[in-house]
Amino acid sequence: VQLQASGGGLVQAGGSLRLSCAASGRTFIIYKMGWFRQAPGKEREFVAAISWNGGTTYYADSVKGRFTISRNSAKNTVYLQMNSLKPEDAAVYYCAADRSPSPGPGLEHYEYDYWGQGTQVTVSS
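Model, not experiment: these values are computed from the prediction.

Caption draft 1: Inspection of the environment of Asn72 at higher detail. Its place among the elements puts Asn72 in strand E7 (residues 67–72). Judged by its relative accessible area of 26%, Asn72 is partly exposed. With 29 residues separating them in the primary sequence, Asn72 and Glu43 have C-alpha atoms 29 Å apart. If sequence neighbours within four positions are ignored, Asn72 has contacts with Thr77 and Tyr79. In terms of polar contacts, Asn72 uses its side chain to reach the backbone amide nitrogen of Ala74, at 3.1 Å.

Written out as structure tokens, the structure is:
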């Protein structure tokens, strides 16, 4: 499975961005996809996840109500719509795919098997 993340950029606080993650290869083995982010000097943290076939979603408390994860199964693509962005949302955002059929929300980075290259999100205050 290969993951290609895109959509990052520079935005003012309060603005919006939509990240995309296109999956290719053996996508039929994917059970869940997630977004993580990592700011300089900080650990990689969970942002959101979605089950590949059922559409169940999970969010970090810090982004609930502002971010929305969705998927387009026909395009093998997962999106992260980010609204009301804050300076603390600035980070490199990574998408990831989990091939394990575990029912959990996928909050930990070690639960994922495949990773995209990351896309930079910068939020100016």
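Caption draft 2: View of the sheet that holds strand E3 (residues 17–24). Taking strand neighbours across the sheet as the criterion, the 4 strands line up as E1-E3-E8-E7 in an open arrangement whose pairing is antiparallel. At either end of the open sheet lies a strand with only one pairing partner, and these are strand E1 (2–6) and E7. The sheet shows a mean angle of 15 degrees between the axes of neighbouring strands, direction not considered. Sheet analysis places E1 next to E3, joined by 5 bridges and oriented antiparallel. Residue pairing in the sheet places Ala5 in a bridge with Cys21 of E3.

Caption draft 3: Representation of the nonpolar core within the structure. The biggest cluster of nonpolar side chains holds 37 residues, and the ones touching the most others in it are Leu3, Trp35, Leu80, Met82 and Tyr93. When contributions to this core are tallied by element, the ones reaching two or more residues are E1, E3, strand E4 (32–38), strand E5 (45–51), E7, strand E8 (77–82), strand E9 (91–98) and strand E11 (119–124).

Caption draft 4: A look at the state of the cysteines. Tallied over the full model, the rule gives 1 disulfide. Through a disulfide, Cys21 is tied to Cys95; the S-S separation comes to 2.1 Å. An S-S torsion of about 65 degrees defines the bridge between Cys21 and Cys95 as right-handed. Here Cys21, found in strand E3, pairs with Cys95, found in strand E9; they are 74 residues apart in sequence, far enough to count as distant. Residue Cys21 shares its accessibility class with Cys95, and that shared class is buried.

Caption draft 5: Quick peek at the packing of aromatic side chains. Taken as a whole and assessed by the stated rule, the structure comprises 5 aromatic pairs. Taken together, a centroid distance of 6.5 Å and an interplanar angle of 75 degrees make the contact between Tyr94 and Trp115 edge-to-face. Taken together, the positions of Tyr94 in strand E9 and Trp115 in strand E10 (residues 114–115) put the pair 21 residues apart, joining distant regions of the chain. In this structure Trp115 comes out as partly exposed when scored by relative accessible area, which is 28%. On the basis of an interplanar angle of 65 degrees and a centroid distance of 6.1 Å, the ring pair of Tyr112 and Trp115 is categorised as edge-to-face. Every member of this aromatic cluster is reached through a ring pair, and the members are Phe36, Phe46, Tyr94, Tyr112 and Trp115. When the ring centre of Tyr94 is taken as origin, the NZ or CZ atom of Arg44, which lies over that ring, is 3.9 Å away.

Rules of the game
- Residues numbered from 1 in each chain as written.
- Predicted model: local features only at pLDDT ≥ 70, side-chain atom pairs only at ≥ 80, totals over all residues.
- Heavy atoms only, no water.
- Helix = DSSP H or I, 4+ residues; strand = E, 2+ residues; numbered from the N terminus.
- Buried < 20%, exposed > 50% of the residue type's maximum accessible area, 1.4 Å probe, protein only.
- Contact = heavy atoms within 4.5 Å.
- Polar contact = N/O pair within 3.5 Å; in protein donor to acceptor, adjacent residues only side chain to side chain.
- Pairing = 2+ DSSP bridges.
- Axes fitted to C-alpha atoms, helices over the stretch in contact; angles between N-to-C directions.
- Core = buried A, V, L, I, M, F, W, Y, C linked by side-chain atoms within 4.5 Å.
- Disulfide = S-S within 2.5 Å.
- Phe/Tyr/Trp six-rings, centres within 6.5 Å; stacked < 30°, edge-to-face > 60°.
- Lys NZ or Arg CZ within 6 Å of the ring centre and 35° of its normal.

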